[in-house]
Amino acid sequence: MQQICTAVVATLALVGTSFAATINVPGDHATIQGAVDAATTGDLILVSPGTYTSNGQQVVDMLGKEITLRSTQGSGQTIIDGQGQRRGLVCHSGETRNTLIDGFTITGGSASAINEMAGGNVFCNDSSPTIQNCTIVTGEAFFGGGIYSKTGGPSVEACFIADNVSSGSGGGANLFQCTEPIEILDCTFFENECGSEYAGGAVYAMDCLSLHVSGCLFDSNVAGELPG
């Protein structure tokens with residue numbers, strides 16, 4: 001009887017993992033958002049080289065899904081472009097570290113263009129995604145031109161974060177009231193800038209539970225009258 005039960009459990013486990021799919025962009029869906037909309041837990045979205053944008057308030061909303069979004073040829077050839085008219089990437093539906101974004105250039109994101117204050121290129125609220133091997137450049141917002149995170153605790157790994165601007169604090173990244181540990185690992189912050197009366201040209205963190213920064217390079221970032 002025990003052997004039968006074990007066999008049934010093993011079969012159910014196999015069935016439970018067999019539904020994970022690989023979705024190709026633009027092969028299966030023309031847009032990254034279309035692929036995210038169609039994806040379910042455990043799916044892998046593979047994005048071919050190209051520049052991807054949208055007509056909405058963001059190019060990509062991860063919708064809280066525990067999926068992997070990965071470029072096939074790396075950030076140099078695969079671009080999420082906000083065109084100065086919208087945010088680039090949004091995580092605001094309880095994403096966990098199992099939501100993985102890997103190998104994109106995220107650029108031209110603007111919070112101000114959609115009458116928001118925070119998160120030009122990447123906006124995280126109550127979410128903890130993993131963002132790795134990304135180039136995050138030329139974003140604009142009042143808080144966090146490159147990356148903004150409120151509550152949650154994302155992991156940012158091996159990313160190049162440059163030329164982002166905030167009118168307030170945190171040109172490269174603004175981390176606020178983070179309720180879970182944040183990791184910034186092996187990243188470069190270069191020539192990011194915050195407002196003249198604010199702090200954190202590269203990174204600004206306030207009221208965060210835990211912030212672990214390791215193996216990072218900070219170069220030529222500019223702050224205002226307060227510390228950089």
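These numbers were taken from a predicted model, which means no experiment stands behind them.

### What to know about the pairing of strand 18 (residues 182-185)
Both strand 14 (residues 155-157) and strand 18 contribute to a ladder of three bridges, which runs parallel. Bridging across to strand 18, Glu-157 finds its partner in Leu-185. With four bridges connecting them, strand 18 and strand 21 (residues 211-214) associate as parallel partners. Following the sheet pairing, Glu-183 is matched in strand 21 by His-212.

### What about the nonpolar core?
In this structure, Ile-32, Ile-45, Val-60, Met-62, Leu-69, Ile-101 and Phe-104 are the most contacted members of the largest nonpolar core, which totals 37 residues. Taken together, the elements giving at least two residues each to this core come down to strand 1 (22-25), helix 2 (32-38), strand 2 (44-47), strand 4 (58-61), strand 6 (78-91), strand 9 (122-127), strand 17 (173-176) and strand 18. Setting aside residues up to four positions removed in sequence, Phe-104 forms contacts with Ile-32, Val-47, Leu-69, Arg-70, Ser-71, Ser-75, Thr-78, Ile-80, Asn-133, Cys-134 and Thr-135.

### Focus: the pattern of salt bridges
Within the structure shown, the criterion is met by two salt bridges. For Asp-102, the salt bridge identified is with Arg-70, shortest N-O distance 2.9 Å. Here Arg-70 lies in strand 5 (residues 68-71) and Asp-102 lies in strand 7 (residues 100-102), a separation of 32 residues in the sequence. Relative accessible area serves as the criterion here: at 10%, Asp-102 is assigned to the buried category. The partly exposed category is assigned to Arg-70, whose relative accessible area is 29%. Two residues, Glu-183 and Arg-97, come together in a salt bridge whose shortest N-O distance is 3.7 Å. A residue pair is termed long-range when its members are at least 10 positions apart, and Glu-183 in strand 18 and Arg-97 in the loop between strand 6 and strand 7 qualify at 86 residues. Judged by its relative accessible area of 25%, Glu-183 is partly exposed.

Rules used in this analysis
Residues numbered from 1 in each chain as written. Predicted model: local features only at pLDDT ≥ 70, side-chain atom pairs only at ≥ 80, totals over all residues. Heavy atoms only, no water. Pairing = 2+ DSSP bridges. Helix = DSSP H or I, 4+ residues; strand = E, 2+ residues; numbered from the N terminus. Core = buried A, V, L, I, M, F, W, Y, C linked by side-chain atoms within 4.5 Å. Buried < 20%, exposed > 50% of the residue type's maximum accessible area, 1.4 Å probe, protein only. Contact = heavy atoms within 4.5 Å. Salt bridge = Lys/Arg side-chain N within 4 Å of Asp/Glu carboxyl O.

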